[in-house]
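Residue-level listing of the chains:
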Amino acid sequence: MTSTILIIDESPSNQQKLFTWLRPTRNHLSFASDCHSAMKILRREQPQLIIFSAELTNISPQRLVRKLHARAPMAKLIAILSATASPAAAPEFVQQVSDFLIEPLCQEEVLINVSQLLRLQRLSMENDYLREELAFSSLAAHWHSTGEYCHEQKTDQIVTHKTG
């Protein structure tokens, strides 16, 4: 299954490295060099994974993460930190991303993290689908056995109607 990955990094060498390493995975890769370009891409694509530099100029990592969550709420996030940065230095930032990569980037680590997070994303989507199927099956079984059907109103109250 092909996934979409958005990479946000000002460094052309990091972009080239990630392209070279991730191209064989056959996922769709999109690249942005700043937050503005990334938001344009997010208007037309919904990536399953976003890899971004925490060192972008003109935007803090916390603000970028908020924007990414607003535009792509289901996407997993991987932050690229410089070797001198520490995830422990920004606890709220740490809680909002799925994983970290430390520069200099290592091909094996990148591929493992990307693979694991995309697999987690697929399992999460499958779980949501199965949960919806189970809820529908339960409603269908209830209707079949009682002749009643239910629907939810905006108040989250369940209203029961007799069909016959």
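Read on for an overview of the structure. (Residues numbered from 1 in each chain as written. Predicted model: local features only at pLDDT ≥ 70, side-chain atom pairs only at ≥ 80, totals over all residues. Heavy atoms only, no water.)

A word on the packing of helix α2 (residues 35-44) against helix α3 (residues 61-71). Closest axis-to-axis distance for the α2/α3 pair is 10 Å, and the angle between their directions is 10 degrees. Considering the angle they form, α2 stands roughly parallel to α3. Along its contact with α2, which presents Cys-35, Met-39, Leu-42 and Arg-43, the element α3 presents Leu-64, Lys-67, Leu-68 and Arg-71. Here the contact of α2 with α3 is composed, by residue class, of five nonpolar, no polar and three charged. (Axes fitted to C-alpha atoms, helices over the stretch in contact; angles between N-to-C directions. Helix = DSSP H or I, 4+ residues; strand = E, 2+ residues; numbered from the N terminus. Parallel < 35°, antiparallel > 145°, perpendicular 65-115°, else oblique. Contact = heavy atoms within 4.5 Å. Nonpolar A, V, L, I, M, F, W, Y, C, P; charged D, E, K, R; others polar.)

Cis peptide bonds are those with omega within 30 degrees of zero, and the linkage from Glu-103 to Pro-104 qualifies with 0 degrees. With respect to the helices, strands and loops of the structure, Pro-104 is situated in the loop between β5 (99-102) and α5 (107-146). Here the phi dihedral of Arg-26 falls at roughly 65 degrees; this positive angle occurs in a residue that is not glycine. Within the element layout of this structure, Arg-26 appears in the loop between α1 (12-22) and β2 (28-32). Phi angles above zero are rare outside glycine, and Asn-58 is one such case at about 70 degrees.

Turning our eyes to something else, we now look at the sheet that holds strand β4 (residues 76-81). Spatially, β2-β1-β3-β4-β5 is the arrangement adopted by the five strands of the open sheet, whose pairing is parallel. Single-partner strands in this sheet number two, and they are β2 and β5. Strand after strand, the sheet turns through a mean of 20 degrees between neighbouring axes, direction not considered. For strand β3 (residues 49-53) and β4, the ladder comprises five bridges, and the chain directions are parallel. When the bridges of β4 are listed, Ser-53 appears paired with Ile-80. Its contacts with the sheet put α2 on β1 (4-8), β2 and β3, and the angle it makes with β2 is roughly 145 degrees. The sheet contacts of α3 involve β1, β3 and β4, and relative to β3 the element is tilted by about 160 degrees. (Pairing = 2+ DSSP bridges.)

Before going further, it helps to spend a moment on the side chain of Asn-27. Secondary-structure assignment places Asn-27 in the loop between α1 and β2. Reaching out from Asn-27, the side chain makes a polar contact with the side chain of Thr-25 at a distance of 3.0 Å. Residue contacts for Asn-27: discarding those within four places in its chain leaves Met-1, Thr-2, Ser-3, Ile-5 and Leu-118. (Polar contact = N/O pair within 3.5 Å; in protein donor to acceptor, adjacent residues only side chain to side chain.)

Regarding α2, the residues found buried are Cys-35, Ala-38, Met-39, Ile-41 and Leu-42. Along the long axis of α2, the arc covered by the buried residues comes to 160 degrees, so they all point the same way. In α2, the exposed residues that point more than 90 degrees away from the buried face are His-36, Arg-43 and Arg-44. A distance of 3.2 Å separates the backbone nitrogen of His-36 from a side-chain oxygen at the start of α2, and that oxygen is part of Asp-34. (Buried < 20%, exposed > 50% of the residue type's maximum accessible area, 1.4 Å probe, protein only. Arc of directions from axis to C-beta.)

Structural measurements only, silent on function.
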